[in-house]
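These are the residues of each chain, in order.
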Protein chains: 2
Amino acid sequence: MQTIRVETPSAKYDVVIGSGLLETLAQRIERAVGRLPRRVFVLTSPEIWALWGHSVLRSFSEAPLVLFLPAGEQHKTMKNVERLTREMIRAGGDRGSFLIALGGGIVGDVGGFVAAIFMRGIPFVQVPTTFLAQVDSSVGGKVGVNLPEGKNLVGNFLQPRAVFGDIDALGTLPDRELRAGLMESVKAGIIRDRALVRFMEEHADAILQREPKALERVIAASVRMKADVVRRDERESGLRMILNFGHTVGHALEQATRYKAMLHGEAVGWGMVAALAVARRRGTITGAQMERMETLIYRYGPLPRLKASAARVMAATGSDKKNVGGVRRFVLPFGIGEAGVVEDVTPDEMEAAVKYMLARARVEGQ
Amino acid sequence: MQTIRVETPSAKYDVVIGSGLLETLAQRIERAVGRLPRRVFVLTSPEIWALWGHSVLRSFSEAPLVLFLPAGEQHKTMKNVERLTREMIRAGGDRGSFLIALGGGIVGDVGGFVAAIFMRGIPFVQVPTTFLAQVDSSVGGKVGVNLPEGKNLVGNFLQPRAVFGDIDALGTLPDRELRAGLMESVKAGIIRDRALVRFMEEHADAILQREPKALERVIAASVRMKADVVRRDERESGLRMILNFGHTVGHALEQATRYKAMLHGEAVGWGMVAALAVARRRGTITGAQMERMETLIYRYGPLPRLKASAARVMAATGSDKKNVGGVRRFVLPFGIGEAGVVEDVTPDEMEAAVKYMLARARVEGQ
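Residues numbered from 1 in each chain as written. Chains lettered and ligands numbered in written order. Predicted model: local features only at pLDDT ≥ 70, side-chain atom pairs only at ≥ 80, totals over all residues. Heavy atoms only, no water.

> Is there a simple way to explain the overall build of chain A in this structure?
For chain A, the helix and strand inventory stands at 14 helices and eleven strands. Each principal axis of the C-alpha distribution contributes one length, and for chain A these read about 60 × 40 × 35 Å. Going through the 366 residues of chain A one by one, you find that 62% of them count as buried. Of all intrachain contacts in chain A linking residues separated by at least 6 positions in sequence, the fraction that spans at least 24 positions is 76%. Summed over all atoms, the accessible surface of chain A reaches about 13,700 Å², with 49% contributed by carbon and sulfur. Distance between charge centres in chain A, computed from 50 positive and 40 negative side chains, equals 3 Å. (Helix = DSSP H or I, 4+ residues; strand = E, 2+ residues; numbered from the N terminus. Buried < 20%, exposed > 50% of the residue type's maximum accessible area, 1.4 Å probe, protein only. Contact = heavy atoms within 4.5 Å. Areas by Shrake-Rupley, 256 points an atom, 1.4 Å probe, with all protein chains shown as cover. Lys, Arg positive; Asp, Glu negative; His and termini not counted. Charge placed at Lys NZ, Arg CZ, Asp CG, Glu CD.)

> Which parts of the structure should I look at to understand the interface of chain A and chain B?
Note on interface size: it is often stated as the accessible area lost on association of the parts. Tallying the contact residues gives 36 residues for chain A and 36 residues for chain B. For R90 of chain A, the salt bridge identified is with E149 of chain B, shortest N-O distance 2.6 Å. Looking at the side of chain A that touches chain B, the elements that each hand over two or more residues are helix 3 (78–90), helix 4 (105–117), strand 7 (142–147) and strand 8 (150–157) of chain A. Per-class residue counts for the side of chain A that touches chain B are 15 nonpolar, eight polar and 13 charged. (Salt bridge = Lys/Arg side-chain N within 4 Å of Asp/Glu carboxyl O. Nonpolar A, V, L, I, M, F, W, Y, C, P; charged D, E, K, R; others polar.)

> Mind showing me how you'd approach the environment of S185 of chain B here?
All names here are of chain B. Within the secondary structure, S185 is located in helix 6 (residues 175–192). Sequence separation between S185 and R305 is 120 residues, and the spatial gap between their C-alpha atoms is 21 Å. S185 has contacts with F131, V135, L196, M200, V218 and S222, leaving out every residue within four places of it along the chain.

> Explain the relation of the copies chain A and chain B to me, please; I cannot follow it from the model alone.
Each copy of the chain is related to the other by a rotation around an axis and a translation along that axis. With an RMSD of 0.0 Å, the operation that places chain A on chain B is a rotation of 180° combined with a shift of 0.0 Å along the axis. With respect to symmetry, the two chain copies, as superposed, fit the operation of a two-fold axis. Of the interface residues in chain A, 100% have counterparts in chain B that sit at the interface too, so the contact is made through matching surfaces. (Least-squares fit on C-alpha atoms with pLDDT ≥ 70 in both.)

> Help me out: how do you make sense of the pattern of salt bridges in this one?
Where side chains of opposite charge bring their charged atoms close, a pairing between them can arise. Residues and elements named next belong to chain A. Enumeration according to the criterion identifies 52 salt bridges over all chains in this entry. Across the salt bridge formed by E7 and R5, the nearest N and O atoms sit 3.9 Å from each other. A relative accessible area of 32% means that E7 is categorised as partly exposed. Several salt bridges share partner residues, and in doing so they unite E73, K76, D109, K151 and E254 into one network.

> I would appreciate a short explanation of the domain arrangement of chain A in the present structure.
All names here are of chain A. Assigned domains within chain A: domain 1 (2–172) and domain 2 (175–364). Spacing between the C-alpha centres of domain 1 and domain 2 amounts to 26 Å. Across the contact, 32 residues belong to domain 1 and 33 residues belong to domain 2. Summed over both sides, the interface of domain 1 with domain 2 buries roughly 2,800 Å², with 63% coming from carbon and sulfur. Taken as a group, F131, K151 and F157 account for 23% of the area that domain 1 buries against domain 2, more than any other trio of residues on that side. At the junction of domain 1 with domain 2, the criterion picks out two salt bridges. Residues K151 and E254 are paired through a salt bridge, measuring 2.8 Å at the closest nitrogen-oxygen approach. Viewed at the interface, domain 2 and domain 1 are joined by seven residue pairs in polar contact (both at pLDDT 80 or more). Elements supplying a minimum of two residues to the side of domain 1 that touches domain 2: strand 1 (2–7), strand 2 (12–18), helix 5 (131–137) and strand 8. (Domains from an automatic or database assignment. Buried area = accessible area lost by both parts, 1.4 Å probe. Polar contact = N/O pair within 3.5 Å; in protein donor to acceptor, adjacent residues only side chain to side chain.)

> When you look at the environment of V268 of chain B in this model, what are you seeing that I'm missing?
All names here are of chain B. Looking at the element boundaries, V268 is found in helix 11 (residues 264–282). For V268, a relative accessible area of 1% gives the class buried. As a C-alpha pair, V268 and P174 span 94 residues in sequence and 18 Å in three-dimensional space. If sequence neighbours within four positions are ignored, V268 has contacts with E184, F245, G246, H247 and G250.

> Before we go on, may I ask you to explain the packing of aromatic side chains in this structure?
In this description, an aromatic ring pair is defined by two values, namely the gap between the centres and the angle between the planes. Using the criterion set out here, one finds two aromatic pairs over all chains in the structure. The ring of F199 of chain A carries R217 of chain A above its face, with NZ or CZ at 4.5 Å from the centroid. (Phe/Tyr/Trp six-rings, centres within 6.5 Å; stacked < 30°, edge-to-face > 60°. Lys NZ or Arg CZ within 6 Å of the ring centre and 35° of its normal.)

Structure follows, in structure tokens:
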């Protein structure tokens, strides 16, 4: 078990990564945040609850109230936020209530947003059950939902009181989801942790076979990297931008495919390939470095084929919310284990990179 | 013109009260918060825009994008929040955008909430155009919307970058709205400003005839009182509770009448009468003090007749969100100019107070 301390100007909390956390959840929460109030809500998906509800319930002396959010990005909506807050009111929820978000990134994002706005804010903990949520979405305080116009366009910054990532929950994760989640760890390594890159190169088999020790090592390193960045820049004004490595084109791919054809991590995988292409042309990485990083990305693939045209992907990048005041911000690696933000990527550079990515997708995509 | 400094742990900003602010709004905002970005949104109601849009527009070198919220509590919904954020995206809004909430309390509450969650938060200013919004809802950082289950059940705490309350805008305010708004100033005096109580007793004619100096004095004193309380307790954990004087029963009246039969200030007016009745029975105020305060409330009436039964009002108090963990918190005056929170008001005391209020409403209500 590993505990990573997250410190931001607005909150300090622990991320616990290890086995057997779900069976002892209530006790762990109370140890971390103090005695739980009378009204405890658990937001989860029907699938996760079917698998883990029994274990979780055993740890509570008084049963929490369970709220459901169906799986899938299409349910990350304002409509569901309104429905959930209404259900909480009708179940007697008040300003003293507490929320546990038990599930993947979508449950975490929606649950965190519900906690942020219900009665103008109640405390909550994240209990991520997917690899992606454990390494990424449950740390950093970004919560919110999508609009039909784009992803994560509405939300808040709200830090959880604690995060419990149970490695056991990953045992039931589909292989494709594990691989997609691992793209965030690849990203973590490329932008800030050269040792993690090497570990993921050398232990790919163990990681993909879900050996607990290997997984714990990768997850803890990824969380530590993100926690360090968030500590230095909670509100995403500067450094934190580097976490968006691979995301400009990644989000465009998701939008161009209406969030249906691929998983977020897969889109980020391809987005990293496009970003590497921009970096290579600019000379911020060598040809050998580019090959090494691309090889690592494909090692944790396969990534899906891409059907969108270059023009369609380019159009989708135009509405990317990472652009402030029209300036196109873009994250580039500088060698391996370091990254920075540039603001002068031209449409021509973007197009060349998108075309390189689409060409690679014809070879590597499955 | 008077400027009141509001300081909270999360923000510091000025509330400016005076004449001629709307004609010079853009310059005043830029002086307070720095250069405005390219995308400036104005959220307002069609009525306010018809009256003041021309004046406001003249102060901008580049026209802001105008978003509309129809007047009326029934439009303070999640649905409208979603619609507005979508309109902002489609109009090119991004994380660098800026929002001006120009209108009454509902525009301020919805506009502030939209600013709080659009792209996880953009800066905004409040430009309240009603008496109530100038003294109350634009100071304190409470923003949000209603659910069908009750008022203000969803929202955030977010402080504006500045508040500009133009006395001129009050010239077109219906008399009933002015009187309802003045109930918040009566409240301010009763709970924390004995001098304001005396001023409102002695200058009732001037205030009700809207003499600018008298209005400015009352508004500034009310804002100063609230700013002082909010500074000491931004998140409403202790002292700030006293601002809810008159609101427990007031909210119940609004709910029992589905927010249609009376204005918020009128409901608070009757709610204060009920709270005075509890205080009198407990002996925290004398009979003479009670009479003096009741007289002041009716001086700024007339308050509307009440059609709800005692049972219905009592039932509605049960879901009041000011109750934490089931404890019934209640604000009582201690003499004139001071108040405190008690937690042991019994259903019997509540019922007696509600019945006293309903009896008085048969005599004083119109």
